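# Residue-level structural notes
Each chain, written out:
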Amino acid sequence: MPTATVRCPNCRTENAADRTLCVRCALLLDPGPPPAVRPPWWRRLLRRERRAAPVAGTRPRPAWRRPRVALPVVLLLLAVGVWFALPHMGSWLGLARDETGTPESLPPAAVRASSALKGHPADAAFDGFNNRYWAPATQDGATLEADFEAPGVRVTKLVVFGGTSAKKDEFLTQARPARIRVELIAADGNTSTHHITLKDQPGQQTFDVRGKDVVRARLAPETWYGAGHGHRLALAEVEFFGHRS
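So, here is what we can say about the structure in this document. (Residues numbered from 1 in each chain as written. Predicted model: local features only at pLDDT ≥ 70, side-chain atom pairs only at ≥ 80, totals over all residues. Heavy atoms only, no water.)

### Considering the overall build of the protein chain
Where we set the bar: Only runs of H or I of at least four residues qualify as helices and only runs of E of at least two qualify as strands under DSSP, and these elements are numbered from the N terminus. Each residue gets one of three labels from its accessible area relative to the maximum for its type: buried under 20%, exposed over 50%, partly exposed in between, using a 1.4 Å probe on protein chains only. In what follows, a contact means two residues having at least one pair of non-hydrogen atoms within 4.5 Å.
Looking only at helices and strands, the protein chain features four helices and 10 strands. Helices (α) and strands (β) of the protein chain occur, in sequence order from the N terminus, as β-β-α-α-α-β-β-β-β-α-β-β-β-β. In the protein chain, which comprises 245 residues, the proportion classed as buried is 29%. Long-range pairs, those at least 24 residues apart, make up 66% of the contacts in the protein chain between residues at least 6 apart in sequence.

Next up, the structure:
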C-alpha cells in the first residue's frame, strides 16, 4: 500500500504526510490561508461591521453604529466652507503677495502741502533727492499730501528722511519731525491712521504702514526735534512702497 505524501507548495518535493517542514526547502508544507487584505479607507467608512453572536444567557450590549452619512456630511461642509471663502480669496491672495513679494516704489501722481516756504515746496519731499526738503510756513497744523492714480495702490512700507539732509552737519540746521500721523485714504473713503516715531538722526528710517486701494496719503507732523531759535520744520524725503492694485 503506497505511503501518503504531501507535495511542497514551494519546490514541489514529495514529503511524508506527517511532516510539517519540507525536507528540501524547509518551508511550511501547509502555510494556511493567505492573510486577509484590508479594504481601503472609504470602504471601511461605509462598511457595517458584523457583530459577534451573543453568548447564551447574556444580554447583548447595544453597539455603536458608524453613521453611513459621514462622508457626504464632510463633503457638504467642505463645499460650504469654499462657498463662504470665495469672497475673501482676493484679499487673502493680496495679503500673501504682500508677505512674499518684493515691494516696489510707489511715486505719487500729485503732491501738495498746507503751506511751504519759498524754495522748499511740497514736491521737494518726493523728488528722490534727500538734500532738498519741504518746509511748511506754519508748523502747527502742517500737512503734506500725496495722490495716487485710480484704482489706488496697496501700501506696505513708508520711508522717511527727516531734516534738511542725510548729512549730519546739515541735518541739525533746522527742526526735524519726531512724530508723524500718517493717514491712508482708500478709494471708498475709508481711512487707516498710523503714528510713526522718528529717531533724531540723519538718513533713512523705514516703517511698516499698511493700507489697500490707497488713493491719497496725508502726513501731519505732530511733534519735532530742535524747534525754536529760528529753526523751521524740515522734511527731506518721503517714499511709499508696496504693490499696484
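### Focus on the pattern of salt bridges
Applicable threshold: One speaks of a salt bridge when a side-chain nitrogen belonging to Lys or Arg is within 4 Å of a carboxyl oxygen belonging to Asp or Glu.
Per the counting criterion, the structure on display carries 13 salt bridges. Between Glu 14 and Arg 7 there is a salt bridge, with the nearest N and O atoms lying 2.7 Å from each other. Among the residues examined, Arg 7 registers a relative accessible area of 42% and is labelled partly exposed. One salt bridge connects Lys 157 with Asp 208, and the closest N-O pair in it is separated by 2.5 Å. Taken together, the residues span a long stretch of sequence, with Lys 157 in strand S6 (residues 153–162) and Asp 208 in strand S9 (residues 204–225) at a distance of 51 residues. Three or more residues are tied together by salt bridges with common partners; here these are Arg 112, Glu 145, Asp 147, Arg 179, Arg 181, Glu 183, Arg 216, Arg 218 and Glu 222.

### Describing unusual backbone geometry
The peptide bond linking Ala 150 to Pro 151 adopts the cis configuration, its omega dihedral lying at 5 degrees. Its location among the elements puts Pro 151 in the loop between strand S5 (144–147) and S6. Not every positive phi belongs to a glycine, and Asp 213 is a case in point at roughly 55 degrees. Along the chain, Asp 213 turns up in strand S9.

### Observations regarding a nonpolar patch on the surface
Just so we agree on the cut-off: Patch definition: residues above 30% relative accessible area lacking any salt bridge, with like charges linked at up to 9 Å and the nonpolar side chains Val, Leu, Ile, Met, Phe, Trp and Tyr linked at up to 5 Å. Per-residue accessibility takes into account occlusion by the displayed protein chains alone, with areas from the Shrake-Rupley method and a 1.4 Å probe.
Where nonpolar side chains cluster on the molecular surface, the patch consists of Leu 76, Val 80, Trp 83 and Phe 84 and spans about 490 Å² of accessible area. Inspection of the secondary structure assignment puts Val 80 in helix H2 (residues 70–85). Overall, Val 80 belongs to the partly exposed group, its relative accessible area being 36%.

### Points about the environment of Gln 174
Assignment of secondary structure puts Gln 174 in the loop between helix H4 (168–171) and strand S7 (176–186). Expressed as a C-alpha distance, the spacing of Gln 174 and Gly 228, which sit 54 residues apart in the sequence, is 9.2 Å.

### Comments concerning the state of the cysteines
Quick note on the threshold: Cysteine sulfur atoms that come within 2.5 Å of each other are treated as a disulfide pair.
All told, the structure shown has zero disulfides when counted by the stated rule. Between Cys 8, a cysteine without a disulfide, and Cys 25, which holds the nearest cysteine sulfur, the sulfur-to-sulfur distance is 3.5 Å.

### Digging into the environment of Gly 119
Note on placement: Gly 119 falls in the loop between strand S4 (110–113) and S5. Counting along the chain gives 13 residues from Gly 119 to Arg 132, while the straight-line C-alpha distance between them is 9.2 Å.

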